[in-house]
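In case you want the letters, here they are:
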Amino acid sequence: MTLSLKIIIGSTRPTRKGPAVARWIDELARKNDAFDVELVDLAEIGLPLLDEPNHPAMKKYEHDHTKRWSAAIEGADALIFVTPEYDFFAPASLVNAIQCLSQEWKYKVAGVVCYGGISGGLRSSQELRMLLVNNGVMPIQQVVPLPMFADSINEKGVFEANDKMVEGAEGMLSELVKWGTALKTIR
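First, a word on scope: everything that follows refers to the structure included in this document. These numbers come from a predicted model, not from an experiment. (Residues numbered from 1 in each chain as written. Predicted model: local features only at pLDDT ≥ 70, side-chain atom pairs only at ≥ 80, totals over all residues. Heavy atoms only, no water.)

Further remarks concern the overall build of the protein. The number of helices and strands found in the protein is 6 helices and 6 strands. Along the chain direction, N to C, the helices and strands of the protein fall in the order β-α-β-α-α-β-α-β-α-β-β-α. Relative to its length of 187 residues, the protein is compact, with a C-alpha radius of gyration of 15 Å against a globular reference of 16 Å. Here the C-alpha coordinates of the protein stretch approximately 45 × 35 × 25 Å along the principal axes. Residues counted as buried form 52% of the 187 residues belonging to the protein. Within the protein, contacts between residues separated by at least 24 positions form 78% of all contacts whose residues are at least 6 apart in sequence. (Helix = DSSP H or I, 4+ residues; strand = E, 2+ residues; numbered from the N terminus. Rg over C-alpha atoms; globule rule 2.2 N^0.38 Å. Buried < 20%, exposed > 50% of the residue type's maximum accessible area, 1.4 Å probe, protein only. Contact = heavy atoms within 4.5 Å.)

If you want it as structure tokens, here you go:
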């Protein structure tokens, strides 16, 4: 059984580095035959701040951007959130994107790849994981922190992971397969 894996770029800042990190995890995930992988960029989705008139639980979306976002998440079995750490928290763009939907999140598994300075974005991942649980998502414990990540981006803008980062990411992907397969049976 192949799982639909959506890798979500959580930052929308013009100078963001998230796409380089996301391309790395995307490439690694595509090597795993268990996944059908799609990269989803919140900057391209373009979600304004909670602009739907109806509560997300109703799934009565009026705006095309929300309908596109809903369709992307609805079709997912597993998710990877690629998030920076802004002020010890996930970016507002990512929090908003999660809060724009409701039913689409239920009974799905999620992993987090976080990046930042010395903490590698771990504080933002913890806050994000709590938000995901409150929306019916099963965030696995295998978070992939990327400390001092900017040092791993080469002059061409490519993120070059070290062996420990790759090992952590492969462990996370393995857990996503287990949980994603199990949760698919109850959706």
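That shown, we press on.
Looking now at the pattern of salt bridges. Applying the stated criterion to the full structure yields 9 salt bridges. Where Glu74 meets Lys59, a salt bridge forms, and the shortest distance between an N and an O atom there is 2.7 Å. Linking Glu74 in helix 3 (residues 64-74) with Lys59 in the loop between helix 2 (42-45) and helix 3, this pair joins segments that are 15 residues apart in sequence. With a closest N to O distance of 2.6 Å, Arg123 and Glu85 form a salt bridge. (Salt bridge = Lys/Arg side-chain N within 4 Å of Asp/Glu carboxyl O.)

Where strand 1 (residues 3-9) and strand 2 (residues 35-41) come together, 7 bridges link them in parallel fashion. Across the sheet, Leu5 pairs through a bridge with Val37, a residue of strand 2. A crossover links strand 1 with its parallel partner strand 2, the connecting element being helix 1 (residues 18-30), and its sense is right-handed. (Pairing = 2+ DSSP bridges. Right-handed = clockwise from strand over helix to strand, strands pointing away.)

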